[in-house]
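Here is what each chain is made of, one letter per residue.
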Amino acid sequence: LDAEKASPMTYEAEIKQSVDYLSSDLALQTVDADAYWPKWNSPWWHMLLLHEMGEAKRIPHRLIERYIGSLNRIPLKIFPIQPEDMPEGIDPFRGTPCHCQLGNVYQVLSAWGADVDRELPWIRPWFLRYQMADGGLNCDNEAYLVKHECPSSMVGTIAVFEAVLLYTSRPWTVEERSFLDKGAQFLMERKLMFGSSTTHNASERKSAEHWTKLCFPRFYLYDVLRGLNALALWA
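Note that the structure is predicted; figures quoted are calculated from it, not measured.

Asker: What is the right way to look at the packing of aromatic side chains in this model?
Answerer: Geometry of an aromatic ring pair is reported as the spacing of the ring centres plus the angle between the planes. The tally for this structure, following the rule as stated, stands at 13 aromatic pairs. Relative to Tyr144, the ring of Phe79 lies with its centre 5.8 Å away and its plane at 65°, an arrangement referred to as edge-to-face. One end of the pair, Phe79, is in the loop between helix H4 (61–72) and helix H5 (99–112); the other, Tyr144, is in the loop between helix H7 (123–129) and helix H8 (154–166), with 65 residues separating them in the sequence. Under the relative-accessibility criterion, Tyr144 is labelled buried at 18%. Each residue in the set Tyr36, Trp37, Trp45, Phe219 and Tyr220 is aromatic and connected to the rest through ring pairs, giving one cluster. When the ring centre of Trp122 is taken as origin, the NZ or CZ atom of Lys77, which lies over that ring, is 5.7 Å away.

Asker: Sorry, what's going on with a nonpolar patch on the surface here?
Answerer: Where nonpolar side chains cluster on the molecular surface, the patch consists of Leu214, Leu225 and Leu228 and spans about 290 Å² of accessible area. Here Leu225 is to be found in helix H11 (residues 224–234).

Asker: How do you make sense of the pattern of salt bridges when you look at a structure like this?
Answerer: Summed over all chains, the structure comprises 15 salt bridges. When the shortest N-O distance is used, the salt bridge between Lys16 and Asp20 registers 2.7 Å. In this pair, Lys16 and Asp20 are both assigned in helix H1 (residues 8–22), 4 residues apart and thus about one turn of the helix distant. On the basis of relative accessibility, which here comes to 44%, the residue Lys16 falls in the partly exposed class. Where salt bridges share partners, they join Asp117, Arg124, Arg170 and Glu176 into one cluster.

Asker: Just to check I follow, could you spell out unusual backbone geometry for this structure?
Answerer: Of all residues except glycine, most have a negative phi; of all peptide bonds, most are trans. Here the bond from Trp37 into Pro38 is cis, since omega is 0°, no more than 30 degrees from zero. Position of Pro38 relative to the elements: it lies in the loop between helix H2 (25–33) and helix H3 (43–52). Here the bond from Phe216 into Pro217 is cis, since omega is -5°, no more than 30 degrees from zero. Mapped onto the secondary structure, Pro217 falls in the loop between helix H10 (203–207) and H11. Backbone geometry places Leu192, a non-glycine residue, at a positive phi of 65°. By the element assignment, Leu192 lies in the loop between helix H9 (174–189) and H10. Within the chain, Phe219 stands out as a residue other than glycine whose phi angle is a positive 50°. Tracing the sequence through the fold places Phe219 in the loop between H10 and H11.

Asker: Got a minute to help me understand the packing of H9 against H11 in this structure?
Answerer: The relative placement of two packed helices is expressed as an angle between their axes plus a distance between the axes. Viewed as axis vectors pointing N to C, H9 and H11 meet at an angle of 135°, and their least axial separation amounts to 10 Å. The angle between H9 and H11 places the two elements in the oblique class. In terms of crossing hand, the pair formed by H9 and H11 is left-handed. Contact with H9, carried on its side by Arg177, Leu180, Asp181, Ala184, Leu187 and Met188, involves Gly227, Leu231 and Trp234 of H11 and no other residues of that element. Within the contact of H9 with H11, the residues separate by chemical class into 6 nonpolar, 1 polar and 2 charged.

Conventions used here
- Residues numbered from 1 in each chain as written.
- Predicted model: local features only at pLDDT ≥ 70, side-chain atom pairs only at ≥ 80, totals over all residues.
- Heavy atoms only, no water.
- Phe/Tyr/Trp six-rings, centres within 6.5 Å; stacked < 30°, edge-to-face > 60°.
- Helix = DSSP H or I, 4+ residues; strand = E, 2+ residues; numbered from the N terminus.
- Buried < 20%, exposed > 50% of the residue type's maximum accessible area, 1.4 Å probe, protein only.
- Lys NZ or Arg CZ within 6 Å of the ring centre and 35° of its normal.
- Patch = residues over 30% accessible without salt bridge, like charges linked within 9 Å, V, L, I, M, F, W, Y side chains within 5 Å.
- Areas by Shrake-Rupley, 256 points an atom, 1.4 Å probe, with all protein chains shown as cover.
- Salt bridge = Lys/Arg side-chain N within 4 Å of Asp/Glu carboxyl O.
- Axes fitted to C-alpha atoms, helices over the stretch in contact; angles between N-to-C directions.
- Parallel < 35°, antiparallel > 145°, perpendicular 65-115°, else oblique.
- Left-handed = near helix turned anticlockwise from the far one by under 90°.
- Contact = heavy atoms within 4.5 Å.
- Nonpolar A, V, L, I, M, F, W, Y, C, P; charged D, E, K, R; others polar.

The structure is reproduced here in structure tokens:
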């Protein structure tokens, strides 16, 4: 929507449209089939947009319940790095989540009011397990096999960093504090706006040309305000 032309009522109508869709049998059936896919046209994108607008609590309760159930039915709850990590017959794209997906999922469900650590106890250990040497993460499985450089990803890191930083309702463990400190160092070394200097993740330098342009909704994008907000809150 054009913010200069849209009235508050127009925004409310758009929000209600998403809430009504998420209340529908079609949304429930879609979530039952897959918590994530079709990635760009699914209940998940409505949920994430409502969260970014500060309206996560308007996501219907029964959809949240079904969504959590669908996540728990994901067949592979590890990030497959070695070829043998992927069991035969599992779809490499739909059979296991990625870091940025889980980072955003954790934030949306927590903002809604779900006890994610209790309902989905496998997610938080995932965050800590796949942090790379420079404090970042990467949703590209092959990045973890690179030996001579550390091709971490800003997009693959920021949502996970936010999830642990902003949605921990108890004192951080030693491991979580270490995770956050390394993640903050990663953001500072990138000065919040530089893409990877590596060969493996060279394409990120092209993406970084847009990071100084603020964006909304972010979904799975990154801009410097997102990084600055997270870094300031960590500090």
